[in-house]
Amino acid sequence: MSDNFRLTPAPGVKRAALLMPTVALAVVLGGCASSATKGEPHPEDPWEGFNRKVFVFNDVLDRYALRPVAKGYRTITPEPVEDSVGNFFSNLGEIRTVLNSLLQGKGENASRATSRLLINTTAGVGGLFDVAKKMDIRQEKEDFGQTLATWGWTDSRYLVLPFLGPSTLRDATGLPADIAAYPVTYVDDDKTRIALGALNLIDQRASLLDQEDLIQGDRYRFMRDAYLQNRAFKISDGELGDDPFAADDFDFDDADFDDADFDDANVDDADPGDDNAAD
């Protein structure tokens, strides 16, 4: 069975896509599940039955462990400190972006990510401050799931992973390479490595607490559509498709329209906006 399904964006999920900045956040909003109804099957989600069960498992994990800890972290952590923690882990991710940008042939983005890494690691005190952003050097993350899509694996089945949450078969395949490209993986001391990973997850979960109200209706479907929409947006580098009316060679064929369609005679004289019209 081929892994070739086309994403059909659902209404209202474009804004929700902003809730999913990284795969690591999957357990965050994957855990926001409640009881849900299945409804009509979607071609991009042929494993919905299995995915919903994993989604509920992640819900228990988030509801009774991750979310309360994230709320406590938000309460006791000053906002500048929380921002610095997020900047630190984001800076480490620039290495992954550099590698994947090169693999995708995006030299400009590889150069920009390298600049961000060097500037923030030095002037930003180890990445605690996003100095590059103040210099208008913007971040554009790339991962191995996006690289596989660039290499031809454009459409993939939706898959909810235990503990990791929303993904696709393609993105899950690229996950080991993403882990291998992350510097924390190579921290020798086990306790330090685990502590850094936990802090990263808690910080990202805390950053989404204020956005949970955006989730509406069937939470499973809402989060699935948000994730797929977000991934499609990233893979296409924000390209939403060509606008035929914006093209220079757009041909406005007068033959397709009847002059009568625009004839003033066709306008009702009794237009409510006309002062002379009858009541």
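Computed from a prediction, not measured in an experiment: that's the story for all the values here. (Residues numbered from 1 in each chain as written. Predicted model: local features only at pLDDT ≥ 70, side-chain atom pairs only at ≥ 80, totals over all residues. Heavy atoms only, no water.)

**Topic: the nonpolar core**
For step 1, the next point in the chain: Listed in full, the 11 residues of the largest apolar core are Leu66, Ala70, Tyr73, Val85, Phe89, Leu92, Tyr182, Val184, Ile202, Ala206 and Leu209.
For step 2, the next point in the chain: Where this core is concerned, the elements lending two or more residues are helix 3 (48–76), helix 4 (79–92) and helix 10 (190–206). (Core = buried A, V, L, I, M, F, W, Y, C linked by side-chain atoms within 4.5 Å. Buried < 20%, exposed > 50% of the residue type's maximum accessible area, 1.4 Å probe, protein only. Helix = DSSP H or I, 4+ residues; strand = E, 2+ residues; numbered from the N terminus.)

**Describing the pattern of salt bridges**
For step 1, the next point in the chain: Enumeration over the complete set of coordinates arrives at 25 salt bridges.
For step 2, the next point in the chain: Across the salt bridge formed by Glu142 and Lys106, the nearest N and O atoms sit 3.0 Å from each other. Here Glu142, found in the loop between helix 7 (131–134) and helix 8 (144–150), pairs with Lys106, found in the loop between helix 5 (94–103) and helix 6 (107–122); they are 36 residues apart in sequence, far enough to count as distant. Each member of the pair Glu142 and Lys106 is classed as buried.
For step 3, the next point in the chain: Asp225 is the salt-bridge partner of Arg224, the closest N and O atoms lying 3.2 Å from each other. Note on accessibility: Arg224 and Asp225 belong to one class, buried.
For step 4, the next point in the chain: Because the salt bridges share partners, they merge into one network encompassing Asp45, Glu48, Arg52, Asp218, Arg221, Arg224 and Asp225. (Salt bridge = Lys/Arg side-chain N within 4 Å of Asp/Glu carboxyl O.)

**Some thoughts on the packing of helix 4 against helix 5**
For step 1, the next point in the chain: The contact between helix 4 and helix 5 brings their axes to 4 Å, and the two run at 30°. Our classification of the angle between helix 4 and helix 5 gives roughly parallel. The residues of helix 5 that touch helix 4, namely those facing Ser90, Asn91 and Leu92, are Glu94, Ile95 and Arg96.
For step 2, the next point in the chain: Of the residues that constitute the contact of helix 4 with helix 5, the class distribution is two nonpolar, two polar and two charged. (Axes fitted to C-alpha atoms, helices over the stretch in contact; angles between N-to-C directions. Parallel < 35°, antiparallel > 145°, perpendicular 65-115°, else oblique. Contact = heavy atoms within 4.5 Å. Nonpolar A, V, L, I, M, F, W, Y, C, P; charged D, E, K, R; others polar.)

**Remarks on the side chain of Lys106**
For step 1, the next point in the chain: Here Lys106 falls in the buried class, since its relative accessible area comes to 17%.
For step 2, the next point in the chain: A polar contact of 2.8 Å, which involves the side chain of Lys106, links it to the side chain of Asp237.
For step 3, the next point in the chain: Setting aside its immediate chain neighbours within four residues, Lys106 contacts Ser101, Glu142 and Asp237. (Polar contact = N/O pair within 3.5 Å; in protein donor to acceptor, adjacent residues only side chain to side chain.)

**What about a nonpolar patch on the surface?**
For step 1, the next point in the chain: Among the surface-exposed residues, Phe57, Phe163 and Leu164 lie close enough to one another that they form a single nonpolar patch of about 290 Å² accessible area.
For step 2, the next point in the chain: Mapping Leu164 onto the fold places it in the loop between strand 1 (158–161) and strand 2 (165–168). (Patch = residues over 30% accessible without salt bridge, like charges linked within 9 Å, V, L, I, M, F, W, Y side chains within 5 Å. Areas by Shrake-Rupley, 256 points an atom, 1.4 Å probe, with all protein chains shown as cover.)

**Some remarks on the packing of aromatic side chains**
For step 1, the next point in the chain: Here the structure, examined in full by the defined rule, presents five aromatic pairs.
For step 2, the next point in the chain: Residues Phe55 and Tyr220 carry aromatic rings whose centres are separated by 5.3 Å and whose planes lie at 85° to one another, so their mutual orientation is edge-to-face. Taken as a pair, Phe55 in helix 3 and Tyr220 in helix 11 (residues 219–235) lie far apart in primary sequence, 165 residues in all. For the pair shown, Phe55 and Tyr220 are each scored as buried.
For step 3, the next point in the chain: Both rings, one in Tyr158 and one in Tyr220, keep their centres 6.2 Å apart while their planes meet at 75°; by these two values the pair is edge-to-face. Taken together, the residues span a long stretch of sequence, with Tyr158 in strand 1 and Tyr220 in helix 11 at a distance of 62 residues.
For step 4, the next point in the chain: Among the residues examined, Tyr220 registers a relative accessible area of 1% and is labelled buried. (Phe/Tyr/Trp six-rings, centres within 6.5 Å; stacked < 30°, edge-to-face > 60°.)

**Some remarks on the confidence of the model for the chain**
For step 1, the next point in the chain: Confidence in the prediction of the chain, expressed as mean pLDDT, is 80, and 71% of residues score 70 or more.
For step 2, the next point in the chain: Long-range and interchain partners of residues 4–37, a stretch whose pLDDT sits below 50, account for 96 contacts in this model, where long-range means more than four residues apart.
For step 3, the next point in the chain: Confidence drops under a pLDDT of 50 for residues 242–257, and excluding neighbours within four residues, the segment shows four contacts in the predicted structure. (pLDDT = per-residue confidence, 0-100.)

**A look at helix 9 (residues 169–180)**
For step 1, the next point in the chain: For helix 9, the full list of buried residues reads Arg170, Asp171, Ala172, Gly174, Leu175 and Asp178. Buried positions in helix 9, seen along its axis, are confined to an arc of 165° and lie on one side of it. (Arc of directions from axis to C-beta.)

**Here's the deal with the environment of Asp59**
For step 1, the next point in the chain: Considering the arrangement of structural elements, one finds Asp59 in helix 3.
For step 2, the next point in the chain: Among the residues examined, Asp59 registers a relative accessible area of 7% and is labelled buried.
For step 3, the next point in the chain: Separated by 106 residues in the primary sequence, Asp59 and Gly165 place their C-alpha atoms 9.7 Å from one another.

**Section: unusual backbone geometry**
Most peptide bonds are trans, and most residues other than glycine sit at a negative phi.
For step 1, the next point in the chain: A positive phi angle, close to 55°, is found at Val125, a residue other than glycine.
For step 2, the next point in the chain: Its place among the elements puts Val125 in the loop between helix 6 and helix 7.
For step 3, the next point in the chain: The phi dihedral of Asp136 is positive, around 65°, even though this residue is not glycine.
For step 4, the next point in the chain: Considering the arrangement of structural elements, one finds Asp136 in the loop between helix 7 and helix 8.

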